[in-house]
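Summary of structural features
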Amino acid sequence: MNEERGSMLQGTLELLILKIVSLEPIHGWGITLRMEQMSSNVFLVNQGSLYPALERLTRRGWLRSEWRTTESNRRARYYEVTAPGRRRLATELEGWQRSSSAVNAILSWSGALP
Amino acid sequence: MTRPGDPSRGLAARVIVWLRAAFGGAQADREHQEEIRFHLDMAAARLEGQGVPSPEARRRAAIALGGAAQLREAAADARGGRWLADLGRDARYAVRQLRHARGFTAVSVLTLALGIGANTALFSVIDGVLLRPIPFRAPDRLAVLWETDRTSGTTREPASWPDYVDFSRETRTFGTLAAVTGLESSYTPPSGEPQRLSTMAVTHTFFPLVGVNAMRGRTFTPEEDVPGGAQVVLLGERFWRARFNADPSVIGQTIRLDEVPRQVVGIVPAGSDFGLDQLHARADYHGPYSGVGDVAVWLPLQGSEREYPRDTHPFFVIGRLTDATTRALASDEMVGIADRLEREYRSNTARGVHVESLRDVVFAPVRPVLYLLLGAVALVLLVACVNVANLFLARGAARMREVAVRSALGASFARLGRQFVVEALLLSVAGGAAGVALAWLGLRTLLVFAPAELPRVDEIGINTSVLLATLGVSLLVGLVFGLVPTMQALRVDVNETLKGETRGGSPGIRRRRLREWLVVSELALSVTLVLCAGLLVRSVSLVLHVDPGFKAAGVLKAEFTLPQGRYPRDYRRYPVWPATQAFTTTLLQRVSSLPGVQSAALAAAHPLDAGFTNSFVVVGRESEARDWPEISVRQVSPGYFPTMETRLRRGRLLQDGDDAASPLVVVINDAAVARYFGDRDPLGQEIRFWGMSRRIVGVIGDEHFRGPASPAPPAVYAALAQAPPTSGALLVRSSREPEDLSSEIRRVIGSLDPQLAVYGIEPLSTTLLDSLGTRRFATFVLGAFAVLTLLLALVGIHGVLSYATSQRTREIGIRMALGATRREAAGSVVRGGVFLALLGTMIGLAGAAGASRFVSGLLFGVTRSDPVTYLAVAALVLLAAVTATAVPALRAARVLPTEALRLE
């Protein structure tokens, strides 16, 4: 029940979900497909952790969901990003970019040690 | 990922999440399942599209998603508010568990109900009597000004009117003083029977002094409490509501009290009479008032020295200390004033004053008793808890396997603990609820025995604060009991328990020892209580066996007050009061001729009414009278002596011929002979009071007017015809049923004077029991608690021995197979029980030796180390304990070796 547990990985997963859902309203299966497709199968997301993550994001008020009918006429739960969720996504993206460029800078360091 | 300002962090948001989890949990769970189903369907469809056969596709899809149950749990966790939903599940599980263990549940709930119920009942008494605020302004500044009499050694006498006036005028330490006295009055409604009312006469200073305002109208004015002032009356709130339906227009109307029309000027709130009953009850003597619930009507006290001279003491004086003073300073000042009065007036010889705080006057007699009972009832709860702890331990042993299985399946220790606590809380709250019901019933019985000393009995009830206290106690008890099995669960070795039969291993023995110690301690506690109760019971029985000098059994009493209007009190022609004498003579004639009546008598005060005292002199020894205590004056019809079966020592009794026309004569009692005559012969001597000399013609044995436990005061008996009273008690000795006879007596009195209110009709033996007051109350309540704890302790012994026997079945079987007899088998069980009982009794008696000092103030005729009581209690408890071992012993005796050995 500890929400801070495994924050790095969980945080990444949640960031990815927020990003994907922000593009268009989408159900859980759709998110799985989109993740495989967008990351060219690099991220093999453990499908089991997707649904708890969705519940968590909903509980925090960043996502909301409703039941709609798919093109194949089945009922599915569609998620969309709320206004606070969008603000959150922006902050997180900025943070991600800053830290990933820092990590990149470190990893690509080839100069001599000072 | 959480920061301040997160919507999930606000309290309101959290509450919403909890509520959603608690009430929408099932809905969310259904949605989750449907979502997962959709996911699986889609994933399987994709695999099938890739050529995987259908069942295999579903299998792979499911594997990719992970365990459905774990996923479901994880999703529920993520939704939050899990604990509340779990709590509900725990509660449902607990209810199921408790329903399976019906015997355990019933016994625990009942035991807790008894313990908690006893506490609730007593707490509501303490709350109503002691804890409620006193309804007066700054009650700690209020004090009672008693007069004292050095010759009789009394320290709580009411004051005379002139003394009150002098005290009021001269005091600087008291802001104001007020005089109060209780009366009886008879209210004649426009239609219906006359009703006797509790009445209080007060000076106009009383209500401002205590800080009570009229609810409607006003209180008395200075012009109203002077002789000849207006005939006005204030109504008490409860009387106003009951009789006048709370009609405000009653103000300004006239009501008839003792035949006198009085104008209603105001209504005073209930509780304005706080402490006045106790004030009267604590006085060494007082007038005819005997508090019966709250004061219905208030009259202005129109005192004067002419009507109430300095040698009569009917008035209670209450004062408010000024802010700048202390009670000690006030006491010094009043003693100084009293000294001056003593030098100035002959009637004030040997009189002083005694200042006591009102709070002490009201509460001092009952506070120690109530706290004693509070201590006792805490012990009841403790013993109940020990018993339940014992049950929990026994059950805990049986549940070790369940605990082991659940731990093995991954239940966390916290989760198990919570389960146990929820279960215990359910039990204790159920016990508390049942306890409130028991308390409600018990309280009614308890209040029947409430002594007159107990203030504010009307306000005792099970109210919110009592219920909150009960809830608190229940929750506390539940928490503690939840921890017992939790602690046990901590010790459970999952491997060992699951592996095999743990039988008679070391944890079992340890647990049995613990349970035996619990039983010993509860037995010790109950022995302590039983002993204290035993001392009280013995005291009460000794009090009741004191020969009070009269025989109460078989006598019915009825009281009345003759209103001045129809029975004029012409003191110039005293004792010739024709109307009064005609009434008493006819009444006695008619009652005596009722069938089944052996004898009837009239007295100004019945034999358990202390009545009043007077100063007097023995003619020829006037100078000695200075140092003499006052004498109780008893006005009786000649039939009084045979009716009450008093003993004649010397001379003769009063006779029918002793009337207003013949020489005035009196009879005195042994105590008066001893106090005033010593070795001299009292017969033929004359004593003088009320301005008349009367010759002593006889001596009778003492009657204990102040209750059997108090010594008889010196008394003089005068014949009604030579000393007519204004109020009286009819005493009838008969062989008839009291209910039957009392309605006939009412009818006789009604035929003589239809407007006369008759009250206090009861068998004199009831009056005798009531005179035991606090002692009887404490004995009854403590006795009930003691019996309760003893029963609980016996249940405890029985439980432990039964359990031990069932565990030893195999052992007993082996012994029997080897030739032990049934008697020996049973004997070993009884020996175990007797050992525990002996140990508990010893410890309990040692504890009682200390605890008995709390009841020593209530003892009569026994010391607190009374060996008879100790032996009797020890014998009783041991006998009871042996009886409690009977069932398990019989079970042991019936063990069949073949069965026991097969049992594996």
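Counting restarts for each chain, with residues numbered from 1 along the sequence as it is written. Whichever chain is written first is A, and whichever ligand is written first is 1; the rest continue in order. pLDDT decides what is reported in this predicted model: residues at 70 or higher carry local features, side-chain atom pairs at 80 or more are listed and counted, and totals for whole chains, interfaces and linings draw on all residues regardless.

Digging into the overall build of chain B
The helix and strand tally for chain B stands at 28 helices and 23 strands. Two things to know: the radius of gyration comes from C-alpha atoms, and the globule rule equals 2.2 Å times the number of residues to the power 0.38. Against the 2.2 N^0.38 benchmark of 29 Å for 904 residues, chain B shows a C-alpha radius of gyration of 38 Å, more extended than a compact globule. Overall, chain B is about 135 × 80 × 55 Å in size when its C-alpha atoms are taken along their principal axes. Around each residue's C-beta, the other C-beta atoms within 10 Å are counted; 20 or more make the residue buried, 12 or fewer make it exposed, and counts in between make it partly exposed. All C-beta atoms are placed from the backbone. For chain B, with 904 residues in total, the buried portion stands at 44%. Put simply, 84% of the contacts in chain B that link residues at least 6 apart link residues at least 24 apart. Under the DSSP-based scheme used, a helix requires at least four consecutive residues in state H or I and a strand at least two consecutive residues in state E, with every element numbered from the N terminus. Note that contacts rest on C-beta atoms placed from the backbone: two residues are in contact if these are within 7 Å.

Looking at the overall build of chain A
Summing up its helical and strand segments, chain A has four helices and three strands in all. Residue burial in chain A is summarised as follows: out of 114 residues, 26% are buried. In chain A, once contacts between residues fewer than 6 apart in sequence are set aside, the share between residues at least 24 apart is 46%.

With respect to helix 2 (residues 28-38) of chain A
All names here are of chain A. The complete set of buried residues in helix 2 reads Gly-28, Trp-29, Ile-31 and Met-35. All buried residues of helix 2 lie within an arc of 160° about the axis, which places them on one face of the element. After helix 2 finishes, the residue Ser-40 shows a positive phi value of roughly 50°. Think of it as the arc spanned by the lines of direction from the helix axis to the C-beta atoms.

What to know about the packing of helix 5 (residues 102-131) of chain B against helix 14 (residues 413-448) of chain B
All names here are of chain B. Running from N to C, helix 5 and helix 14 cross one another at 50°; their axes reach a closest spacing of 6 Å. When the interaxial angle is binned, helix 5 and helix 14 end up oblique. The two elements helix 5 and helix 14 cross, and the hand of that crossing is right-handed. Of the residues assigned to the contact of helix 5 with helix 14, the class counts are 15 nonpolar, ten polar and no charged. Every angle, taken between N-to-C directions, lies between 0 and 180 degrees, and every axis is a line fitted to C-alpha atoms, over only the stretch in contact when it is a helix. Oblique is the label for any angle not covered by the other classes, which are roughly parallel (under 35 degrees), roughly antiparallel (over 145) and roughly perpendicular (65 to 115). Handedness of a crossing is defined here by the sense of rotation of the near helix relative to the far one, left-handed for an anticlockwise turn of less than a right angle and right-handed for a clockwise turn. Residues are grouped as follows: Ala, Val, Leu, Ile, Met, Phe, Trp, Tyr, Cys and Pro are nonpolar; Asp, Glu, Lys and Arg are charged; every other residue, Gly included, is polar.

A word on the sheet that holds strand 1 (residues 26-27) of chain A
All names here are of chain A. Here, any two strands with at least 2 DSSP bridges between them count as paired. Overall, antiparallel pairing links the three strands, which are arranged 1-3-2 in an open sheet. Each of the sheet's edge strands pairs with one partner strand only, and the pair in question is strand 1 and strand 2 (63-69). In the sheet, strand 1 pairs with strand 3 (residues 75-81) via two bridges, with the strands oriented antiparallel. The partner of His-27 across the bridge, within strand 3, is Tyr-78.

Points about the nonpolar core
Residues and elements named next belong to chain B. The nonpolar core is taken to be a set of buried Ala, Val, Leu, Ile, Met, Phe, Trp, Tyr and Cys residues joined by way of C-beta atoms within 7 Å. Among the nonpolar cores identified, the biggest contains 162 residues, and Leu-145, Phe-785 and Ile-797 are the most heavily contacted of them. In this view, Phe-785 contacts Ala-118, Ala-376, Val-377, Val-380 and Leu-529; residues no more than four positions away in its chain are not counted. Ranked by size, the runner-up nonpolar core spans 62 residues in total, among them Ile-631, Val-665, Tyr-676 and Val-716.

Some words on the packing of helix 18 (residues 578-592) of chain B against helix 21 (residues 738-752) of chain B
Residue and element names in this part refer to chain B. Running from N to C, helix 18 and helix 21 point in directions that differ by 145°, and their axes come no closer than 10 Å. Like other packed secondary-structure pairs, helix 18 and helix 21 cross with a definite hand, here right-handed. Along the contact surface, helix 18 presents Phe-583, Thr-586, Leu-587, Arg-590 and Val-591, while helix 21 presents Ile-745, Val-748, Ile-749 and Leu-752. Taken together, the residues that form the contact of helix 18 with helix 21 break down as seven nonpolar, one polar and one charged.

What about the confidence of the model for chain B?
Residue and element names in this part refer to chain B. The predictor attaches a confidence to each residue, and that confidence, scored 0 to 100, is pLDDT. Confidence in the prediction of chain B, expressed as mean pLDDT, is 86, and 94% of residues score 70 or more. Taken element by element, the predicted model of chain B shows its lowest mean pLDDT in helix 16 (residues 494-499) (70) and its highest in strand 9 (residues 297-300) (96). Counted against residues more than four places away or in other chains, residues 1-8, with its pLDDT under 50, gives 15 contacts. Segment residues 502-506 is flagged for pLDDT under 50; beyond a separation of four residues in sequence, or across chains, it makes three contacts in the model. This complex was scored by the predictor with a pTM of 0.73 and an ipTM of 0.84.

Topic: the environment of His-27 of chain A
By the element assignment, His-27 of chain A lies in strand 1. On a C-alpha basis, the gap between His-27 of chain A and Thr-70 of chain A in space is 9.3 Å, while along the polypeptide they are 43 residues apart.

What about the pairing of strand 20 (residues 692-700) of chain B?
Residue and element names in this part refer to chain B. When strand 17 (residues 648-651) meets strand 20, the two strands line up antiparallel, connected through three bridges. Within the sheet, the bridge partner assigned to Gly-651 lies in strand 20 and is Gly-698. Of the strand pairs in this sheet, strand 18 (residues 665-669) and strand 20 are connected by five bridges, and their pairing is parallel. Following the sheet pairing, Val-665 is matched in strand 20 by Arg-695. Judged from the four bridges that link them, strand 19 (residues 686-689) and strand 20 form a sheet pairing that is antiparallel. Within strand 20, the position partnered with Phe-689 by the bridge is Met-692. Between strand 19 and the antiparallel strand that follows it, strand 20, lie two residues; Trp-690 among them carries a positive phi value of about 50°.

Regarding helix 26 (residues 867-884) of chain B
All names here are of chain B. In this scheme, a helix's expected span is set at 1.5 Å multiplied by one less than its residue total. With 18 residues, helix 26 should reach 26 Å at 1.5 Å per residue; the first-to-last C-alpha distance of 26 Å fits that figure. Of the residues making up helix 26, those classed as buried are Thr-869, Val-873, Val-877, Ala-881 and Ala-884. The buried residues of helix 26 occupy an angular sector of 90° when the element is viewed end-on, so they sit on one face. Along helix 26, the residues that are exposed and aim more than 90 degrees away from the buried face are Pro-867, Val-868, Leu-871, Ala-875 and Leu-879.

Re unusual backbone geometry
Residues and elements named next belong to chain B. Here the residue pair Tyr-574 and Pro-575 is connected by a cis peptide bond, since its omega of 5° sits within 30 degrees of zero. With respect to the helices, strands and loops of the structure, Pro-575 is situated in the loop between strand 12 (555-561) and helix 18. Unusually for a residue other than glycine, Ala-350 sits at a positive phi of about 65°. You can see Ala-350 is positioned in the loop between helix 10 (327-344) and strand 11 (351-357). Using a count of 14 C-beta atoms within 10 Å as the deciding quantity, one classes Ala-350 as partly exposed.

Digging into the confidence of the model for chain A
Note: predicted coordinates in regions of low pLDDT should not be interpreted at a detailed level. In the predicted model, chain A carries a mean pLDDT of 81, and the fraction of residues at 70 or more is 83%. Below pLDDT 50 for its whole length, residues 1-9 of chain A participates in three contacts with residues either more than four positions away or in separate chains.

Some thoughts on the environment of Leu-542 of chain B
Within the secondary structure, Leu-542 of chain B sits in helix 17 (residues 506-545). C-alpha of Leu-542 of chain B to C-alpha of Gly-67 of chain B: the two residues are 475 residues apart in sequence and 80 Å apart in space.

Details of the environment of Thr-885 of chain B
Residue and element names in this part refer to chain B. Secondary-structure assignment places Thr-885 in the loop between helix 26 and helix 27 (886-893). On the basis of neighbour count, Thr-885 is assigned to the buried category, with 26 C-beta atoms found within 10 Å. Among residues more than four places away in sequence, those in contact with Thr-885 are Ile-797, Leu-801, Val-829, Val-830 and Gly-833.

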